[in-house]
Amino acid sequence: MLDDIGSSKNPWDMPVHSNNQATTLDLETENSLAQQRPKPSRNVSWYQKEIKALAPETRNFLASYTGIKDEEQIKRLIYKVRDMAWDVCPYHCIGLFRFLDFSVHLSPIYPSIVQRVRDEAAVFLDLGCCLGQDIRRLAHDAGLNHPDKPLAPVQLFGAELFADFIDAGYELFGDKETLPARMFQADVLAPDADTERDDPLAGLYGRVDIIYLGSFLHQFNADKQRVIVRKIGRLLRSNGRGVVFGRHLGVAGRDTGGECELKDAGWSLYRHDEETIRRLFEQEKGTWTVNAELTAYKSKNWEDEGDAGKGKPGEDTVQMSFVAVREAV
């Protein structure tokens, strides 16, 4: 379970801890422990055994990207890879196939993201990229993986704590040798350092134009989120317009955001409201404009509407899409 945030009504007003106070296990230790963990049970409400029918958009994208045209063959590959990922960490987005939403393209600003990556060579980073599904969608839509496109400097980067998630992504998409992106293991809460050996994100500090946070922030308490946003501030290019966007669990109403327990999973998640997400970014240096939109918690690939309640923390939980723009500093 994640740490308690304490009893503060507005945790964004709490003092920021230094990175050294928010570190997690080093990556070598994390990988070692991952090999020793028992496989998680599949006898839980948020493990959906099969997909009755792939959403047409999902099926068409996977067929185009992988070259596999037969839907049943695609589904067998999905089940294999989903179970590989489930054994790494039994997230709800894994068990309920939400990773097949390719959520990056659902953002209202996605067309502008594609345009900046395609036409302006913008550098894009997906923090907590899971299988790297959203990077594949962006690479495809921006034409970066077209066979006739000349070789160019890498623009797309995916950082993920669990290296096995990255490997599972290569298994699903079959593109380990051709993906026009750099995927690497990193712990966003680890201390900053000057070399990539000590900090895999070091080579990106001050170079990134766009950062995507898909189902990421809600995994951390308020204190750790402040550390993450400070890291984001370092990653963004200082002489340009930096964009941070994504989606996560949310809740409607002013000052209703906070930590919420997933009782059936024994985890705690943080649900933002429109005010807490604004405060989160505005505490970082620079001038930020933050907008958020609340929608129903759903997925195109669920068996039925009842899946929305599987493992959902509270009936008032919704989906939040947000965009935070920082002007040059």
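It should be noted that the structure appears before, not after, this text.
Residues numbered from 1 in each chain as written. Predicted model: local features only at pLDDT ≥ 70, side-chain atom pairs only at ≥ 80, totals over all residues. Heavy atoms only, no water.

Draft legend 1. Structural detail: the overall build of the protein chain. Regarding its fold elements, the protein chain presents nine helices and nine strands. Taken over 329 residues, the protein chain has a buried fraction of 54%. When contacts within the protein chain are restricted to residue pairs at least 6 apart in sequence, those whose partners lie at least 24 apart make up 78%. Per element, the accessible surface of the protein chain, about 14,800 Å² overall, is 48% carbon and sulfur. (Helix = DSSP H or I, 4+ residues; strand = E, 2+ residues; numbered from the N terminus. Buried < 20%, exposed > 50% of the residue type's maximum accessible area, 1.4 Å probe, protein only. Contact = heavy atoms within 4.5 Å. Areas by Shrake-Rupley, 256 points an atom, 1.4 Å probe, with all protein chains shown as cover.)

Draft legend 2. A look at the sheet that holds strand β1 (residues 124-127). Strand order in the open sheet formed by seven strands is β3-β2-β1-β4-β5-β9-β8, with mixed pairing between adjacent strands. Each having just a single partner strand, β3 (181-185) and β8 (288-295) make up the two edges of the open sheet. When the angles between neighbouring strand axes are averaged without regard to direction, this sheet yields 15°. One ladder, built from five bridges, connects strand β2 (residues 156-160) with β3; its direction is parallel. Bridging across to β3, leucine 156 finds its partner in alanine 181. (Pairing = 2+ DSSP bridges. Axes fitted to C-alpha atoms, helices over the stretch in contact; angles between N-to-C directions.)

Draft legend 3. A look at the environment of serine 215. Relative to the assigned elements, serine 215 resides in the loop between β4 (210-214) and α8 (222-235). Each C-alpha atom of the pair serine 215 and leucine 127 lies 9.9 Å from the other, and the pair is 88 residues apart in sequence. Not counting residues within four places of it along the chain, the set of residues in contact with serine 215 comprises Arg247 and His248.

Draft legend 4. Region of interest: the packing of aromatic side chains. Tallied over the entire structure, the rule returns 14 aromatic pairs. An angle of 50° between the planes, with centres 6.4 Å apart, marks the rings of tryptophan 46 and tryptophan 86 as tilted. Highlighted residues: tryptophan 46 in the loop between α1 (27-36) and α2 (56-66) and tryptophan 86 in helix α3 (residues 71-88), separated in sequence by 40 residues. For tryptophan 46, a relative accessible area of 5% corresponds to the buried category. Overall, the relative accessible area of 0% leaves tryptophan 86 in the buried class. With 6.1 Å between their ring centres and 55° between their planes, tyrosine 79 and phenylalanine 97 make a pair best called tilted. Remark: phenylalanine 97 occurs in the loop between α4 (92-95) and α5 (110-120) and tyrosine 79 occurs in helix α3; sequence separation between them is 18 residues. Across the pair, phenylalanine 97 and tyrosine 79 agree in class, each one buried. By way of ring pairs, the aromatic residues Phe61, Tyr65, Phe102 and Phe173 are connected into one cluster. (Phe/Tyr/Trp six-rings, centres within 6.5 Å; stacked < 30°, edge-to-face > 60°.)

Draft legend 5. The pattern of salt bridges, seen in detail. Going through the model one piece at a time under the given rule, you end up with 22 salt bridges. Residues arginine 116 and glutamate 120 are paired through a salt bridge, measuring 3.6 Å at the closest nitrogen-oxygen approach. You can see arginine 116 and its partner glutamate 120 sitting in helix α5, four residues apart, about one turn around the helix. Put simply, glutamate 275 and arginine 279 hold a salt bridge, and the shortest N to O gap is 3.5 Å. Of the two residues, glutamate 275 and arginine 279 are both situated in helix α9 (residues 274-282); the distance of four residues between them amounts to about one turn of the helix. Taken together, the shared-partner salt bridges connect Lys39, Arg42, Arg82, Asp83 and Asp87 into one network. (Salt bridge = Lys/Arg side-chain N within 4 Å of Asp/Glu carboxyl O.)

Draft legend 6. Molecular detail of α9. Regarding α9, the residues found buried are Glu275, Thr276, Ile277, Arg279, Leu280 and Phe281. Those residues of α9 hidden inside the fold are in contact with α8, β5 (242-251), β7 (267-271), β8 and β9 (317-326). At the N-terminal end of α9, a side-chain oxygen is found 2.7 Å from the backbone nitrogen of glutamate 275, two or three residues along, and the residue is aspartate 273. (Polar contact = N/O pair within 3.5 Å; in protein donor to acceptor, adjacent residues only side chain to side chain.)

Draft legend 7. Structural context of helix α7 (residues 163-173). Within the sequence span of α7, burial applies to Phe165, Ile166, Ala168, Gly169, Tyr170, Leu172 and Phe173. Among the structural elements, α2, α3, α6 (133-141), β2 and β3 are those in contact with the buried residues of α7. Phi turns positive one or two residues past the end of α7, at glycine 174, with a value near 60°.

Draft legend 8. Local environment of the pairing of β4. Of all the five residues making up β4, five are buried; the element is thus mostly covered by neighbouring parts of the structure. The two faces of β4 match: Ile210, Tyr212 and Gly214 on one face and Ile211 and Leu213 on the other face are all buried. Here three bridges tie β1 to β4, and the two strands are oriented parallel to one another. In the sheet register, leucine 125 faces β4, and the bridge partner there is isoleucine 211.

Draft legend 9. Looking closely at the packing of α2 against α6. One way to put it is that α2 packs onto α6 with a least axis distance of 12 Å and a crossing angle of 70°. In terms of axis orientation, α2 runs roughly perpendicular to α6. Contact with α2, carried on its side by Glu57, Phe61, Ser64 and Tyr65, involves Arg136, Arg137 and His140 of α6 and no other residues of that element. Residues of the contact of α2 with α6, tallied by class, amount to two nonpolar, two polar and three charged. (Parallel < 35°, antiparallel > 145°, perpendicular 65-115°, else oblique. Nonpolar A, V, L, I, M, F, W, Y, C, P; charged D, E, K, R; others polar.)

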